[in-house]
Amino acid sequence: MTLMKSLMGAAASLALTAGAALAEPALIFDLGGKFDKSFNEAAHNGASRWAEETGGKYREIELQSEAQREQALRRFAEAGANPVITMGFAMADPLSAVAADYPDTKFVAVDVTWLDAPNVRQIGFAEHEGSYLVGMMAAMASKSGTVGFIGGMDIPLIRHFGCGYAQGAKAVNPDVNIVANMTGTTPSAWNDPVKGSELTKAQIAQGADVIYAAAGGTGVGVLQTAADEGILSIGVDSNQNHLHPGKVLTSMLKRVDVAVYDAMKAGADVETGVFTMGLAEEGVGVAMDDNNASLVSDDMKGAVETARQDIIDGKTTVVSYYENDSCPAVSF
């Protein structure tokens, strides 16, 4: 009997060890899908890079409704996925409800930085710093003296983008006119390219000749209409320069791909806590490639690089919308 118990215990221990060794990461895409050409697609690119480099596999789900958020978290945690990576601020409440129930599971929350959860890696980005740089470029490229900003869902995060953009534009031209609109107040605002197109046309009618879209899948409509109407656009999150070569001035890179890649690479050993990725950490930046080379002058490149270093060195401070829940540089 003693021998049998020992064998059973050894077998159980072996099974647990094997299970831990085989644990796969999981990725929960936000509404809009993994091929939104923006935020979610950046996450997909990071995960794909990890899989290609390591030969590893990961689980994933593209959310179709708000109700799936908590369900997906629990399903992956129950299945032994580790870490479970979530996309978007809307995962904060579901994580608060779920993380404590699975203390041995590591969760990674992109765009969430305010949870009290010891087993969650929370990653924020200094979007205002990267947006400041593309705002400079917008003002330098504008011939009309009016530039536009189109956000997705009207939340502090997107106002954070817009505030940085406005400050950068005004650093170049204090008299620049900034037209700003949000797409909506519900999650559907992230995936409404038709509304994005309508807002683009409205801003063009107000004189905007460069428009920055921080709106997820909605931004695809902004970039398309800007190209059709003969003005410049600015992409976001992923490098969107290739969508309309020679017509997208640049893209504000938010390195969600790096955040996801690093989390998958660390696996169950991923460090928890709150982390911010800004210019200094190369977590945000501007996209320069063959697709926008003809649009970016040497003066523009020089001004952006100088500003980038000044922000890193603390010589230039970009005011965060979060500081006072307001932005002196633009009205939304």
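Okay, so let's go over this structure.

Conventions adopted
- Residues numbered from 1 in each chain as written.
- Predicted model: local features only at pLDDT ≥ 70, side-chain atom pairs only at ≥ 80, totals over all residues.
- Heavy atoms only, no water.
- Helix = DSSP H or I, 4+ residues; strand = E, 2+ residues; numbered from the N terminus.
- Rg over C-alpha atoms; globule rule 2.2 N^0.38 Å.
- Buried < 20%, exposed > 50% of the residue type's maximum accessible area, 1.4 Å probe, protein only.
- Contact = heavy atoms within 4.5 Å.
- Areas by Shrake-Rupley, 256 points an atom, 1.4 Å probe, with all protein chains shown as cover.
- Lys, Arg positive; Asp, Glu negative; His and termini not counted.
- Charge placed at Lys NZ, Arg CZ, Asp CG, Glu CD.
- Pairing = 2+ DSSP bridges.
- Axes fitted to C-alpha atoms, helices over the stretch in contact; angles between N-to-C directions.
- Salt bridge = Lys/Arg side-chain N within 4 Å of Asp/Glu carboxyl O.
- Arc of directions from axis to C-beta.
- Disulfide = S-S within 2.5 Å.
- Right-handed = clockwise from strand over helix to strand, strands pointing away.
- Core = buried A, V, L, I, M, F, W, Y, C linked by side-chain atoms within 4.5 Å.
- Parallel < 35°, antiparallel > 145°, perpendicular 65-115°, else oblique.
- Left-handed = near helix turned anticlockwise from the far one by under 90°.
- Nonpolar A, V, L, I, M, F, W, Y, C, P; charged D, E, K, R; others polar.

The next point concerns the overall build of the chain. Broken down by element type, the chain carries 11 helices and 12 strands. Taken over C-alpha atoms, the radius of gyration comes to 22 Å for the chain, in line with the 20 Å a tight globule of 332 residues would show. Across its three principal directions, the C-alpha atoms of the chain cover 90 × 40 × 40 Å. In the chain, which comprises 332 residues, the proportion classed as buried is 53%. The contacts of the chain with a sequence gap of at least 6 include a subset with a gap of at least 24, amounting to 68%. Accessible surface, the chain as shown: approximately 14400 Å² in total, 51% of it carbon and sulfur. Averaging the coordinates of the 23 positive side-chain charges in the chain and doing the same for the 41 negative ones gives two points 4 Å apart.

Below, the discussion takes up the sheet that holds strand β3 (residues 84–87). Across the sheet, six strands lie side by side as β2-β1-β3-β4-β5-β11; this open sheet has parallel pairing. Pairing within the sheet leaves two strands with one partner each, and these edge strands are β2 (59–62) and β11 (273–277). When the angles between neighbouring strand axes are averaged without regard to direction, this sheet yields 15°. With four bridges connecting them, strand β1 (residues 26–29) and β2 associate as parallel partners. Bridge pairing in β2 places I28 opposite I61.

Before going further, it helps to spend a moment on the pattern of salt bridges. Using the criterion set out here, one finds 12 salt bridges in the structure. Between D257 and R255 there is a salt bridge, and its shortest N-O distance comes to 2.9 Å. Owing to a relative accessible area of 19%, D257 belongs among the buried residues under this scheme. The partly exposed category is assigned to R255, whose relative accessible area is 29%. When salt bridges that share partners are traced, they join D30, E66 and R69 into one network.

Of the positions making up helix α3 (residues 68–78), those classed as buried are R69, A72, L73, F76 and A77. Viewed end-on, α3 has its buried residues packed into an arc of 125°, placing them on one side of the element. Looking at α3, the residues exposed on the side facing more than 90 degrees away from the buried face are Q71 and E78. Directly after α3, the chain includes G80, whose backbone phi takes a positive value near 90°.

For the rest of this paragraph, the subject is the state of the cysteines. Tallied over the entire structure, the rule returns one disulfide. Shown here is the disulfide that connects C163 with C327, its sulfur atoms set 2.1 Å apart. In this structure the cystine formed by C163 and C327 twists about its S-S bond by roughly 90°; its chirality is therefore right-handed. Of this pair, C163 sits in helix α6 (residues 156–172) while C327 sits in the segment after α11 (321–324), placing them 164 residues apart in sequence. A relative accessible area of 11% means that C327 is categorised as buried.

Turning to the pairing of β3, a few remarks are in order. Along β3, one buried face is formed by V84 and T86 and the opposite face, lined by I85 and M87, is buried too. Bridging between β1 and β3 involves three bridges; their strand directions are parallel. If you follow I28 over to β3, its bridge partner there is T86. Judged from the four bridges that link them, β3 and strand β4 (residues 107–110) form a sheet pairing that is parallel. Residue V84 lies in a different strand from β4, and its bridge partner there is F107. Once the chain exits β3 it traverses helix α4 (residues 92–98) before rejoining the sheet at β4, and the crossover so formed is right-handed.

Core analysis: the largest hydrophobic core is formed by 70 residues, its most contacted members being L27, L133, F149, F161, Y212 and V256. Sorting elements by how many residues they give to this core places helix α5 (residues 127–141) first, with eight residues. The contacts of L133, once residues within four sequence positions are left out, are L279, V286, V304, A307, R308 and I311. In this structure, L63, A77, M91 and F107 belong to the second largest nonpolar core, which totals 23 residues.

Any two packed helices are characterised by how steeply their axes cross, that is the angle between the axes, and by the distance between the axes. Their axes nearest at 6 Å, the elements α5 and α6 cross at an angle of 40°. Here α5 is positioned oblique relative to α6, judged by the angle of their axes. For the element pair α5 and α6, the recorded crossing hand is right-handed. Contacts between α5 and α6 involve E127, H128, S131, Y132, V134, G135, M136, A138, A139 and M140 on the former and, on the latter, L157, H160, F161, G164, Y165, Q167, G168, A169, A171 and V172. Split by residue class, the contact of α5 with α6 holds 12 nonpolar, seven polar and one charged.

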